[in-house]
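Single-letter residue listing:
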Amino acid sequence: MFGAGGGTSSYEEIETTSVIFLWGSNARAAHPIFFHHLLRGLHNGARLYVVDPRRSESARWADMWMGIDVGSDIALANAMANVIIERGLANHDFVNNATTGFEAYAKTVAGYPLERAAEITGIPGDAIEQAAIAYATAATAQIVWTLGITEHHNATDNVLALTNLALLTGHVGRYGSGLVPLRGQNNVQGGGDMGAIPNKLPGFQDVEDPVLRGRVEEIWGRPIPPEKGWHLTQMFEACHAKMLRGLYVIGENPADSEADSTHAREGLASLDFMVVEDIFMTSTAEMADVVLPAAADWAESEGTVTSSERRVQRVRKALDPPGEAKTDLEIISRLAEAMGAGWGLPTAEEVWDELRRVSPLHTGMSYRRLDELGGIQWPCYDENHPGEKFIHHRLWKVPVEGPPAPFFPVEWVAPVDRLTDKFPLRMTTGRHLDGFNTGVQSGGFDSPIRVGGTIDLSPEDAERLAIAPGEMVQVISRRGQVEVPARIDSSLREGLVFMAVHYSETADVNRLTIEAWDPKSGTAEFKATAVRVEKAGV
Amino acid sequence: MTEVALVIDGVDVVVNEGVTLLDACRSIAKQQPTLCYLETLAPVNVCRVCVVEVEGSRTLVPSCSRKVEGGMVVQTDSERVRHSRRVVFEMLASSVNLALVDHPTREWMESYNVDPARFGPPAAPTSDRDQRHAGHHGEVVGGAAETVHQPIKVDNSLYVRDYSRCILCYKCVEACGDDAQNTFAIAVAGRGFDARISTEFDVTLPEGACVFCGNCIGVCPTGALMFRSEHELRQADLWEEDRQSVTRTVCSFCGVGCNLELHVQDNRIVKVTSPQDHSVTEGHLCIKGRFGYEYVQELGDLASTPVDVVLRRARSDS
Amino acid sequence: MDLRFMADEPSAVERAVIARLIDPVESRNGQVVRGGHAARGHRHLLLPALAAVQSELGWVSRGALNEICRRLLVPPAEAYGVASFYALISTDPRPAEVTHVCDDIACRQVGGLDLLSQPSGGEVVTTPCLGQCDRRPAMFVQRAGGQDEVLVSGPPATVHAGPLLRRVGKVDPSSLADFRKQGGFEGLRRAQDIGAEAVVAEVKKAALKGRGGAAFPTGVKWEAVANEPAPRYLVCNADESEPGTFKDRVVMEGDPFAVIEAITIAAFATGCEKAYIYVRGEYPLATSRITAAMAASREAGLLGELEIEVFRGQGAYICGEETALFNSIEGFRGEPRQKPPFPAQAGLFGRPTVINNVETLINIPEIVLGGGDAYASVGTPDSTGTRLFCLSGDLARPGTYEIEMGRTLGDLVELAGGFAGEPKAILLGGAAGFFVSSDYLSMPLTFEDARARGVTLGSGVVMAFNHDRDMHDIVRRVARFFRDESCGQCVPCRVGTVRIEEAVARARSAPIDRPLIADLDRAMKDASICGLGHTAASVVQSAMAMGLI
Ligand SMILES: Cc1cc2nc3c(=O)[nH]c(=O)nc-3n(C[C@H](O)[C@H](O)[C@H](O)COP(=O)(O)O)c2cc1C
Ligand code: SF4
Ligand code: SF4
Ligand code: SF4
Ligand code: FES
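Residues numbered from 1 in each chain as written. Chains lettered and ligands numbered in written order. Predicted model: local features only at pLDDT ≥ 70, side-chain atom pairs only at ≥ 80, totals over all residues. Heavy atoms only, no water.

**Description of the domain arrangement of chain C**
All names here are of chain C.
Working step 1: Domain assignment breaks chain C into domain 1 (12-83), domain 2 (97-152), domain 3 (159-376), domain 4 (386-466) and domain 5 (471-545).
Working step 2: Centre-to-centre, using C-alpha coordinates, domain 3 lies 25 Å away from domain 4.
Working step 3: With both chains or domains summed, domain 3 and domain 4 bury close to 1,800 Å², and 62% of this area falls on carbon and sulfur atoms.
Working step 4: By the criterion of area lost to domain 4, the three top residues of domain 3 are H160, R211 and F246, representing 32% of everything that side buries.
Working step 5: For the interface between domain 3 and domain 4, the tally reads one salt bridge.
Working step 6: Across the pair R387 and E359 runs a salt bridge, and its minimum N-O distance is 3.7 Å.
Working step 7: On the surface where domain 3 and domain 4 come into contact, there are eleven residue pairs in polar contact (both at pLDDT 80 or more).
Working step 8: Among the secondary structure elements, those contributing two or more residues to the side of domain 3 that touches domain 4 are β7 (158-160) and α11 (247-254).
Working step 9: A per-element tally of the side of domain 3 that touches domain 4 places α11 first, with three residues. (Domains from an automatic or database assignment. Buried area = accessible area lost by both parts, 1.4 Å probe. Salt bridge = Lys/Arg side-chain N within 4 Å of Asp/Glu carboxyl O. Polar contact = N/O pair within 3.5 Å; in protein donor to acceptor, adjacent residues only side chain to side chain. Helix = DSSP H or I, 4+ residues; strand = E, 2+ residues; numbered from the N terminus.)

**Some thoughts on the interface of chain B and chain A**
Working step 1: In this complex, chain B contributes 54 residues to the contact, which on the side of chain A involves 53 residues.
Working step 2: Taken over both partners, the interface formed by chain B and chain A buries close to 4,100 Å², and the fraction arising from carbon and sulfur atoms is 62%.
Working step 3: When the shortest N-O distance is used, the salt bridge between R40 of chain A and E282 of chain B registers 2.8 Å.
Working step 4: Inspection of the region where chain B meets chain A yields 23 residue pairs in polar contact (both at pLDDT 80 or more).
Working step 5: Looking at the side of chain B that touches chain A, the elements with two or more residues in it are β10 (245-250), β11 (259-265), β12 (268-273), α7 (287-291) and α8 (294-299) of chain B.
Working step 6: Considering each element in turn, the side of chain B that touches chain A owes the most residues, five residues, to α8 of chain B.
Working step 7: A per-class count over the side of chain B that touches chain A returns 25 nonpolar, 20 polar and nine charged. (Contact = heavy atoms within 4.5 Å. Nonpolar A, V, L, I, M, F, W, Y, C, P; charged D, E, K, R; others polar.)

**Focus on the nonpolar core**
Working step 1: Membership of the largest hydrophobic core comes to 202 residues, with the highest contact counts inside it found for W222, I263 and F435 of chain C.
Working step 2: Of all the elements, helix α12 (residues 256-270) of chain C adds the most residues to this core, at ten residues.
Working step 3: Within the second largest apolar cluster, 58 residues are counted, among which are F21, Y49, A79 and A136 of chain A. (Core = buried A, V, L, I, M, F, W, Y, C linked by side-chain atoms within 4.5 Å. Buried < 20%, exposed > 50% of the residue type's maximum accessible area, 1.4 Å probe, protein only.)

**Considering the site of ligand 3**
Working step 1: Taken together, P32 and I33 of chain A together with C251, F253, C254, G257, C258, L285, C286, K288 and G289 of chain B form the complete shell of residues around ligand 3.
Working step 2: In this structure ligand 3 sits where residues from chains A and B come together.
Working step 3: Going through the elements one at a time, α2 (32-43) of chain A together with α7 of chain B are the ones with two or more residues in the shell around ligand 3. (Near = heavy atom within 4 Å.)

**Considering the sheet that holds strand β6 (residues 149-152) of chain C**
All names here are of chain C.
Working step 1: An order of β4-β3-β5-β6 is seen for the four strands of this open sheet, with the pairing classed as mixed. Bordering the open sheet on either side are β4 (123-127) and β6, each of which pairs with just one other strand. In this sheet, adjacent strand axes meet at a mean angle of 25 degrees when their direction is disregarded. (Pairing = 2+ DSSP bridges. Axes fitted to C-alpha atoms, helices over the stretch in contact; angles between N-to-C directions.)

**Details of a nonpolar patch on the surface**
All names here are of chain A.
Working step 1: Among the surface-exposed residues, Y248, I250, I332, L335, M339 and W343 lie close enough to one another that they form a single nonpolar patch of about 600 Å² accessible area.
Working step 2: Listed by contribution, the elements that provide at least two residues to the nonpolar patch are β9 (246-250) and α16 (328-338).
Working step 3: With respect to the element layout, L335 can be found in helix α16. (Patch = residues over 30% accessible without salt bridge, like charges linked within 9 Å, V, L, I, M, F, W, Y side chains within 5 Å. Areas by Shrake-Rupley, 256 points an atom, 1.4 Å probe, with all protein chains shown as cover.)

Right under this line is the structure:
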């Protein structure tokens, strides 16, 4: 977002903000402790708008739930922007001072009058209007999103549509106003921070920027390839194109977790050589030539992770890893030794101190300070800097400090997997409170509230299809089919079905989903699959 | 911020307006006993062990909730204060099993010479507390001191509820409700001495609204609410707190970044808590952070130390 | 809210009863649902909904509780916590007819206990004082789908009238016209003429003190509320559950319009836009008369903009305590709140609230019409006006006696025809009061004299006991009362009342443990949250002091 890739705000800010948009996020189930902060906000009077095809647990708290049709978020955001501009509610001082490209943006959103937006999104115009006015006139407002926004073929555009709204109203760069992407895993943010993105060096420094790259090359004493790398989906394309021949997979399970898993497995199988380093013997590990057993990073080794509020925190070793398992750091160091790199066996802190030299955002974060302060929110430029609760305050400086933030006008495009008579139901995916990703971690404990892998149907669809709760059904998409029990869920409406992602063994949702992916971010379309549901054995 | 001057036990104290007498006492390092008070919860002022004497007030006042006022003259250790605190502790100790109550409370009880036996021997255990109707109770003979005893509730794989240890401090209700989790799976039911923590119609936790975040357990001061793992180890006489290490780390699941405290005994996680003074969690977690650690234990082919055996049995029993 | 409900469904009747009371709180328009804060703001309907189901079906089933919770967005555990707080609500199946036989201190002396074993259609249970001590013994019948009813066995009681009771027995309680013919609503007209501030000024001049037990100056309370920002509320406390007390019932049954007029003046004077009358659940007749009087007055345009709601209690003495009463109306358990803040600052729904007893309020028209000075000329400077006393027990003519404050206890007993039998003790003030001996007959009945002698006038109870009475049994019943009626929130009262009851029980066969009682009483007085705990051991202490136990 306008430079560094991280949420703009702190959790505490949502406790006192006036308007909250939870957009494509069921934080109540997927980010429960963040939701505690949000609930405190509600108790303090904040109004909550939830944009989600399902009337999820989170949506049940909303002052207004907007049951948007899957994949129409851009149309909704643009229509809201149009209302805001037409009613003169845009924050023109902010727009003039801190942004560029307003004219083009205004022109784009003018193409989304309420009637059209209502038709695309399924949400009545008066509701869109009300939401737009509430957002624009709020003293402070936050937009919070998760995978409902980013697991689409046009994920990046979805995010841009939301950031545009914040720029239009000035709801960014101030305490209480901001844009908050909630990260799905404990260190997605940290991975980004550390440069585990194809086009970035640690600290979100662009690898293709010769000045920044040069600085890091100097510290590392090695040249760095000057072009950006492939993202995950491109890697699979490359597998299939026989351009990628060897793969070193650390702590990922693409054989299960990729949308269209059949396609993914074919890609992995075509490799000449694969190394998997993991704490589990995953499906991917089973396909590997070499498996390196790893220690669990959060309980069996030392290091740091970064949370969704940019807070870098220490993880510590509490247990000895089992058997021959070693920490990721030790495995990589030994591998480097074997390859003759001469790194020795550095401690986690030594590696961290090097990172602090490479990434200006992390320079002030010594282990000692991280311990003392209970983590630090980047940027933290030196050892006297407390870190920042929110970022982008520079946009409020007059004149703006640094480059202005550009509007990126985006157009709505329908989901790739079209609904037809043969595949009339829109299937979306999500998370259960007690589940996590593909379920290898969360499956280990005996949860009294585990629902298990089901296909969830609206009461209307269940009645139409004469399907009883618990009955086994076939879910069929253009790519595959699975047999699972049905569950009736009144938070769904007619035409919308839902599967949780945690049960790859019994209800492998990724056999159904489509591999269409966002060319900008590489995220696949998990959220919008066309399916039909049939009674099993028919 | 306006400041307020008051006198506590003869010492002049200046504090910010809006703070409580308890805060003011703590600012001069005068600790007070508390049971129902917790920094992260709204004060309910029900246990009354924190009462202090404020000049001009007809009754004693709860220091945990009473706001400071300019010119207040406060006694925290007068004979009157000590009397009430002692009797209140005696009432609790005579009606509730306090064997696992926190350490400071035990010290306070000793310092006040608490003697619960003066009310007579404890009455025979009862099992009908969940059925009692408001305003009605059985014949009282008076030979023995009635207690809040009721059978221990083991109705799920993760928690155990032993309300014979419950002092009705409302903390679990607050943590499950408004002050944190907002799930409202438990509330106070019944009235008077028969008031108890209950689900709707006393249904089991899995039948009720519980989402198994464990936040009620995290705040319970008496051991009435306990993780199944701890309960089983205690039953087997294997719970050895002095052999446990507590390591702070970060939850391995979603991206919120909750801090965890892993309590480890014999290289096994036996309990997970969260630091109360951390801004992200304030001590609260979700089911994944609280209980989702099993997978790392399972990877280390559960050995045959006694701890492992008990933990494994607990899991397979449920 | 993301609530979870039990699997049980309501019956068609339950559904209908609940639907009649609660409109949908969320609104749906296609793919949009509007809910949130506005939808969650209906919790005040919880107790009325539970009561409606109880009254129609005789108990609150899981299905019914579920349905109420679904409609109001109240968590089932919380609703169960509320339902199980009240004696008149059952969460277990019960026969359609349940008879609550009073076994409290007045009724148990005259065959109340025998009623327990009489055959009846349904279930028979005991109840604390029903506020019918002047016509004892009494019982209260709850009829599912029918009318609740009070049955009394004693002869009609005396009403000794002064200015406050002058219409009782003379006016048709169902006729607004009759009420107006006898001077009704003239106080309101006068109040409107002189204006709100002047009314408050007159009430202050009158030095009227609250009759609900705490004797707080009414004018001071009113002025405080009038100076707070709107919205403000007014509550008429008609919960009257103090054992031995029945005066408010006599007023509400005999002259209900007087209460409505008084409330209207009070709300006008203090700028309250809504008033509640919280009537105890065991007063069905008073409830229906007050409700009818309110409706007739509204229809006649006498209430102006003022909204008055009659709220029926469900069997909990503690809900007479003002802040417990607020919680009860708000749909929470009737647990008192720690003060400060006081109701005048943060009362009902957290707003500035005037709360007054029924008797306190019916003084208002007199004060407005006659002026505060004239009112204050009656009684003593610190105890102005007349006062209603509830005389019962071993007296020749039990009933409600209105006398000028300052006359002696002996005068009062004499008015009631003197003792029946040889006097042993008088319970003064109520169960939260004290036993006194004949030495007190010379005591003037004023707040100041009571205070000087270490007793209280409480809610005006004067209950006499003669030498034939088993005083240990009586004291034990009082101890049981407090144990049963403690809300259970704070430790000193929740456990203390049990320990007191046990100690009294032991004293049947052994000398009572005086130091133990004294220790308990002291801690309960000092450390309890509310008046119930503060006073729960007073009767026992005074009985001990008099050697009654
Ligand atoms: C346990 C308890 C029960 C009470 N019950 C009543 C009651 O039934 N009626 C009443 O008017 N006041 C009752 N009160 C007193 C009220 O709290 C409050 O003081 C009173 O309603 C104020 O009105 P007043 O100023 O007109 O007396 C009770 C107090 C306590 C502590
Ligand atoms: S269970 Fe524990 S936390 Fe809950 S009220 Fe009882 S003692 Fe307090
Ligand atoms: S405890 Fe729950 S909310 Fe917190 S980080 Fe772990 S999974 Fe996320
Ligand atoms: S004193 Fe008794 S009735 Fe009053 S709050 Fe405490 S427990 Fe409840
Ligand atoms: S700690 Fe103050 S009343 Fe419990």
